[in-house]
Amino acid sequence: MILCANPSAQFSSYQSEIESAVISVMRGERYILGEEVEALEQEFASYIGASYAIGVANGTDAIELALRALDIKNGDEVITVSHTAVATVAAIEASGATPILVDVEQQFYTLEPLQLEEVYSSKTKAVIAVHLYGQSVNIEAIKYFCDKHSIFLIEDTSQAHGALYKDKRLGSIGDIGCFSCYPTKNLGAIGDAGLITTNNTDLASKIRMQREYGWKNRISEYTGRNSRLDEIQAAILRIKLKYLDSDNSKRTNLAKYYKEQLSELPIFLPEVRGDSNSVFHLFVVQSEKRDDLLNYFKKSGIQAGLHYSLPVHLQPAYKDRVKTAENMSKTESLVQKIISLPIYPELSLNDADKVVKVFKEFSSRNL
């Protein structure tokens, strides 16, 4: 079976270093928010090009804590896309705010800036720009909108660790950057973990307190919660961070191979935005015969994925409850066609070639 993502293969790549780091933590005296977390925070901030990084329990918490640090609460509205992981919207609701969902740009799958004015209101306090599948949103247009209306820009960078817009790492451009380090991510833990970045000293201090009950000297100065990062996950992430750029290069090379080999098929291949790069967290194509293709891959021992099969605004928990832009047609159309091909640093060229051959075989039989 060729998996769509394979975090255990990455563990094998760095097994001796990871096992040594884990044993070192276990033999130590601090298991949560200790020296490993502090070191990871410093190293990740330096890597992203942000002044501060704060380790938290997961990516959903990262967004919720970011919103709370910005004093976003009941009665406020936060704009984001419907074509995203449910976590983005769940975090908005956890803060008490109302999600306002917009459509995507056709070729990049990311937030459509042209709809921002349509859904803006006096209640709008922030935009969460989701850098989907490994590359940047139209960050300049979204930042211009946020600056114009004096609202906050939060980057959901959970699928784009290490990606650049011009000369800046994603997660260093907005007021706050939020990262999931779920095992399948480009920078993935062996368990749950998350990171928050910011250049604002006051926000960094507030988030650091809010992740642990709002404590300062164990006295709650803010209403907070328990979202502490443990030492084992931090130690693992420190090792993987050293190899993130080389692992992203392997993803990029696989994506290049897919594009070259599949360019003649009647499908829509991923496009990369100008002035940016993609770290190809996912390699997503569109096929008019997606469901048949998905089944064909499965029968051939290939696990393809759907990211995502149903927009958030059409899911049972959110349908008829969240607010959306008037026209959501691009999102509603593309989810019927998208399919994610296997891609991860340890995917061999032989396995990538099998994916290509099966894809071509399917296409030749379904002309």
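Along each chain, the written sequence defines residue order, and numbers are assigned to residues from 1. The predicted nature of this model means local features are confined to residues of pLDDT at least 70 and side-chain atom pairs, given and counted, to a pLDDT of 80 or more, with totals for whole chains, interfaces and linings taken over all residues. Side-chain numbers here rest on the full set of heavy atoms in the structure, without hydrogens or water.

*Asks:* Whenever I open this one, the pairing of strand β9 (residues 194–198) confuses me. Can you help?
*Replies:* For a regular strand, side-chain orientation follows a simple rule: the groups alternate between the two sheet faces. Residue exposure (1.4 Å probe, protein chains only): buried if accessible area is under 20% of the type maximum, exposed if over 50%, otherwise partly exposed. The secondary structure listing takes helices from DSSP runs of H or I that are at least 4 residues long and strands from runs of E that are at least 2 residues long, numbered from the N terminus. Counting buried positions over the five residues of β9 gives five, a clear majority of the element. As defined by bridge partners, strand β1 (residues 52–56) adjoins β9 across five bridges and the pair is classed as antiparallel. Bridge pairing links Y52 to T198 in β9. If DSSP finds at least two bridges between two strands, the strands pair. Pairing analysis gives four bridges linking strand β8 (residues 176–180) to β9, with the strands arranged antiparallel. Paired with C178 across the strands is I196, a residue of β9.

*Asks:* I would appreciate a short explanation of the sheet that holds strand β13 (residues 323–324) in the present structure.
*Replies:* An order of β1-β9-β8-β5-β4-β2-β3-β13 is seen for the eight strands of this open sheet, with the pairing classed as mixed. Of all strands in the sheet, those with a lone pairing partner are β1 and β13, marking the two edges. By the bridge criterion, three bridges tie strand β5 (residues 152–156) to β8 in an arrangement that is parallel. Residue pairing across strands places D156 opposite C178, the latter belonging to β8. Any two residues whose heavy atoms approach within 4.5 Å are treated as being in contact. Each axis is a line fitted through C-alpha atoms, and for a helix only the stretch in contact is used; angles between axes span 0 to 180 degrees, taken between their N-to-C directions. Strands β1, β2 (77–81), β4 (124–130), β5, β8 and β9 of the sheet are contacted by helix α4 (residues 59–69), whose axis makes an angle of about 160° with β8. Across the face of the sheet, helix α8 (residues 201–210) comes into contact with β1, β8 and β9 while running at roughly 15° to β1.

*Asks:* What's the story with the pattern of salt bridges in this structure? I'm lost.
*Replies:* Pairing between side chains of opposite charge can happen when the charged atoms of each approach one another. Salt bridges are identified by distance alone: a Lys or Arg side-chain nitrogen within 4 Å of an Asp or Glu carboxyl oxygen. Going through the model one piece at a time under the given rule, you end up with 23 salt bridges. Ionic pairing is found between E43 and R238, a salt bridge with its closest N-O pair at 2.7 Å. Of the two residues, E43 sits in helix α3 (residues 35–48) while R238 sits in helix α9 (residues 231–242), which places them 195 residues apart along the sequence. Judged by its relative accessible area of 26%, R238 is partly exposed. Linking R228 and E212 is a salt bridge whose minimum nitrogen-to-oxygen distance equals 3.1 Å. In this pair, R228 sits in the loop between β11 (219–220) and α9 while E212 sits in the loop between α8 and β10 (215–216), placing the two residues 16 residues apart along the sequence. For R228, a relative accessible area of 26% puts it in the partly exposed group.

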